[in-house]
Amino acid sequence: MFKHVIVRKPARSMIDGITSAPELGKPDYELAVKQHDAYIEALRSCGVEVTELPALEEYPDACFVEDVAVVTRKCAIITNPGAASRNGEKEHIMETIKKFYKEDQIEYIKAPGTLEGGDVMMVGDHFYVGRSARTNEEGIHQFIEILEKYGLSGSEVTLEKVLHLKTGVNYLENDTFLVSGEFIEKEEFKNSKLILIPDDEAYAANCIWVNGKVIVPSSFPKVAQLIREAGYEVITTDTSEYRKLDGGLSCLSLRF
Ligand code: CIR
């Protein structure tokens, strides 16, 4: 069960955020704020307390707060984002993390290690880490060492086609994974229950399980239906403006 969620309001500068899909156009800031408010409401309806941090104009991508920390039931790990324009975001999450974790439960990924939270998928006490353009071998090594210190474990997952691990695979508890594209055949997930994401709804592989309910991006009816058929209550919320920056539902919050 999750009790707390941390989000960060989008900044007006988000129109200059990193994107691999400029053809989708620039985000509409006003609409992005409305979608963010609705996202917070969706989370609250799952019974969590939401801490909303102020926008950071100097960091266009800072609303994707998931990337700067990994929050576990034993410790919090401040990451070292691999995207140069995002690296400084980590300094702005520490104060909030310190409200929830004691000093000796807070760890740091250090250069030359890089790691972004979007590459980390929590499955109980095990953490899968994607080795991506943003998360390197040294970052993964440090991360697993930290986990082991707290009696947790981690393992690397290779990825080739997506930005972050959770762009393509997400855990819905109950030994159930949402898998798309390159993750459908991965050894790691083969023996679990898999919900296969159709290629034309690949963006919706990034859904979040929150206390028994699953938040799904709107306009992906096939995925919503598959998740309902798997027995979950589905809440939909629109993330169209974040999609323009390669961001999905998980990227917008830290859940713990
Ligand atoms: C970036 O490229 O860093 C942002 N535009 C999107 C980050 C998405 N975050 C995530 O998948 N956890």
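Report on the accompanying structure. Bear in mind that the values here come from a model prediction, so they are computed numbers and not experimental data. (Residues numbered from 1 in each chain as written. Predicted model: local features only at pLDDT ≥ 70, side-chain atom pairs only at ≥ 80, totals over all residues. Heavy atoms only, no water.)

**Side note on the sheet that holds strand β7 (residues 126-131)**
Condition: Any two strands between which DSSP finds at least two bridges are classified as paired. Helix and strand definitions follow DSSP, with helices as H or I runs of at least four residues and strands as E runs of at least two, each counted in order from the N terminus. Inter-axis angles, ranging from 0 to 180 degrees, are taken between N-to-C directions of lines fitted to C-alpha atoms, where helices are fitted over the stretch in contact. The contact rule is simple, with two residues in contact once any of their heavy atoms fall within 4.5 Å.
The sheet built from three strands is open, its strands ordered β6-β7-β8 with mixed pairing. Here the strands that pair on one side only, and so sit at the sheet edges, are β6 (120-123) and β8 (153-158). Put simply, the sheet's adjacent strands are angled 25° from each other on average, direction ignored. Most of the contacts of helix α3 (residues 137-149) go to β7, to which it runs at about 175°, and overall it touches β6, β7 and β8.

**Notes on the nonpolar core**
Going by this rule: Only buried residues count toward a nonpolar core, which is a set of Ala, Val, Leu, Ile, Met, Phe, Trp, Tyr and Cys residues joined through side-chain atoms within 4.5 Å. The classification of residues rests on relative accessible area computed with a 1.4 Å probe and restricted to protein chains. Under 20% of the type maximum is buried, over 50% is exposed, and intermediate values are partly exposed.
In terms of nonpolar packing, the biggest core is built from 42 residues, with Leu43, Ile215 and Ile227 touching the most fellow members. Going through the elements one at a time, β1 (4-8), α1 (29-44), β12 (208-210), β13 (213-217), α5 (221-229) and β14 (233-237) are the ones with two or more residues in this core. Contacts of isoleucine 227, omitting those with residues within four sequence positions, involve Leu172, Leu178, Ile195, Cys207, Val214, Val216, Tyr232 and Val234.

**What about the side chain of threonine 114?**
To keep it simple, the criterion reads: Pairs of N or O atoms within 3.5 Å make up the polar contacts considered here, provided that, within protein, one atom can donate a hydrogen while the other can accept it, and that residues adjacent in sequence are counted only when both atoms are side-chain atoms.
Tracing the chain through its elements places threonine 114 in the loop between β5 (106-108) and β6. One polar contact links the side chain of threonine 114 to the main-chain carbonyl oxygen of arginine 134, over a distance of 3.0 Å. With residues near it in sequence (within four places) discarded, threonine 114 still touches Asn80, Gly82, Ile109, Arg134, Thr135, Asn136 and Gly139.

**Observations concerning unusual backbone geometry**
It is generally the case that most residues other than glycine have a negative phi and that most peptide bonds are trans. In this structure, the amide linkage connecting alanine 111 to the following residue, proline 112, adopts the cis form with an omega of 5°. Turning to its location among the elements, proline 112 is positioned in the loop between β5 and β6. In this structure, glutamate 173 takes a positive phi of about 65° despite not being glycine. Locating glutamate 173 in the fold gives a position in the loop between β9 (169-171) and β10 (176-179). Of note in the backbone geometry, serine 219 takes a positive phi value of approximately 75° without being a glycine. Of the residues examined, serine 219 reaches a relative accessible area of 64% and is grouped as exposed.

**Quick word on the sheet that holds β10**
What the three strands build is an open sheet, ordered β9-β10-β11; its pairing is mixed. Of all strands in the sheet, those bounded by a partner on one side alone are β9 and β11 (193-196). If you compare each strand with its neighbour and ignore which way they point, the axes differ by 25° on average. As defined by bridge partners, β9 adjoins β10 across three bridges and the pair is classed as antiparallel.

**Description of α1**
Inclusion rule: To estimate the expected span of a helix, count its residues, drop one, and scale the result by 1.5 Å.
In this model, α1 (16 residues) spans 23 Å end to end at C-alpha, consistent with the 22 Å of a helix rising 1.5 Å per residue. All of the buried residues in α1 are Tyr29, Ala32, Val33, Gln35, His36, Tyr39, Ile40, Ala42 and Leu43. One side-chain oxygen at the N-terminal end of α1 lies 3.0 Å from the backbone nitrogen of glutamate 30; it belongs to aspartate 28.

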